[in-house]
Structures are given as structure tokens and as C-alpha cells.
Amino acid sequence: QRNAVVLAQKQQQTLTALTNLTISDEALASRGFALHRTINKLDLDHLNSVFVAVGFPRRDTDKIRVALENSDALLWIEYEKAERPVAFARATGDGVFNAIIWDVVVDPSFQGIGLGKAVMERLVNVLLEKGITNIALYSEPRVLGFYRPLGFVADPDGIRGMVYSRKQKKKR
């Protein structure tokens, strides 16, 4: 699968604009959803199931835990009736200038009701509140349209992301 690199370069005034959330915490709660910003209560097996449901490879849960513990910010939404995560996103970075958003997922049974937008708006707000304005993410080409209304654009300076790929040399 080919990843398209998408970057959002936010100015400080964007912070004010983004605090207007599409769906409030109260509205989420009234629909049976709880917002979480830590890995407490997060069942990693259930999160892994959401990853697999959206097409990510199944991951070792011990490695997921390490990745989450090393994330600068994360946000997940629990469907309280089922006590399961249904939406998730996290970010890593240097804590000052740059951040990369990873693992944005919404359980297919819950897509189309605003949960992806809810986690993304709040995650971007967390980063902007820390003063981080260079925010990047990797996305499947088929979902680029989801990120554009949230302020993400292909890099305006034309910079292309690159991914390290260690290929075996052919023996002669």
C-alpha cells in the first residue's frame, strides 16, 4: 500500500478556529461515547481489532503498548455500551516544532457519524495548544478527502516525504 504524505502547516490563529469542535464532548456523551486521552482502560486487543477491521496488519499488543507509551498525544473514543474503542488517533514528535499523526482509525460499524473528525479535531487542538504548528500525517490516498476539510493539504512547498526501504541486494 502506498502512503501519501499530507502536511498541515498551521498558524497560531488556527488554534482559536479549531477550538470550535464539530461535535461537543457533551453531544458525544449523549450518544453513548466516552472520550479518553490516556491508555488507561484501553483494551489493546480491541484496538487491534479496529486496526485489522480498517485494513491495518494485526500487531503485537506488547509493541502497541510501547508505541502508545511513546506517543506525545493520543485520543480514543469508547462506545460505552460495548466498552470498546471505536475511534483512535495518536501523535509523536519533538514536543516543540513538529508532530506526525498516526493510526487514525474508526471502526467500520461507526464510520460516517463524525467520530473520525472528533478525534482529529481534538488531537490537532492538543498539538496546537503545545505550540506545535508543523503537523504531518500519513494517509491512504483513498481517504485524503477526509483530511482536507480539517486543514490538511499536500505540502504547499512541494516537499515530498520519503520512506526508508531496506531492500535485499540480488546475489550474482
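Residues numbered from 1 in each chain as written. Predicted model: local features only at pLDDT ≥ 70, side-chain atom pairs only at ≥ 80, totals over all residues. Heavy atoms only, no water.

## Things to note about the pattern of salt bridges
Line of reasoning, step 1. The full count for this structure, using the stated rule, is four salt bridges.
Line of reasoning, step 2. Measuring nitrogen to oxygen at the nearest pair gives 2.7 Å for the salt bridge that ties D25 to R122. Of the two residues, D25 is situated in helix α2 (residues 25-30) and R122 in helix α5 (residues 115-129); the sequence distance between them amounts to 97 residues.
Line of reasoning, step 3. For D25, a relative accessible area of 34% translates into the label partly exposed.
Line of reasoning, step 4. Assessed through its relative accessible area of 3%, R122 is described here as buried.
Line of reasoning, step 5. K41 is paired through a salt bridge with E78; the nearest N and O atoms lie 3.4 Å apart. In this pair, K41 sits in the loop between β2 (33-36) and α3 (44-53) while E78 sits in strand β3 (residues 73-79), placing the two residues 37 residues apart along the sequence.
Line of reasoning, step 6. Through salt bridges that share partners, R59, R90 and D103 make up one connected network. (Salt bridge = Lys/Arg side-chain N within 4 Å of Asp/Glu carboxyl O. Helix = DSSP H or I, 4+ residues; strand = E, 2+ residues; numbered from the N terminus. Buried < 20%, exposed > 50% of the residue type's maximum accessible area, 1.4 Å probe, protein only.)

## What to know about the pairing of strand β4 (residues 84-93)
Line of reasoning, step 1. With seven of 10 residues buried, β4 lies mostly within the body of the structure.
Line of reasoning, step 2. Pairing of β3 with β4, which is carried by seven bridges, proceeds in the antiparallel orientation. The residue bridging L75 from the neighbouring strand is A89, located in β4.
Line of reasoning, step 3. Linking β3 to β4, which pair antiparallel, is a turn of four residues; within it E83 sits at a positive phi near 50 degrees. (Pairing = 2+ DSSP bridges.)

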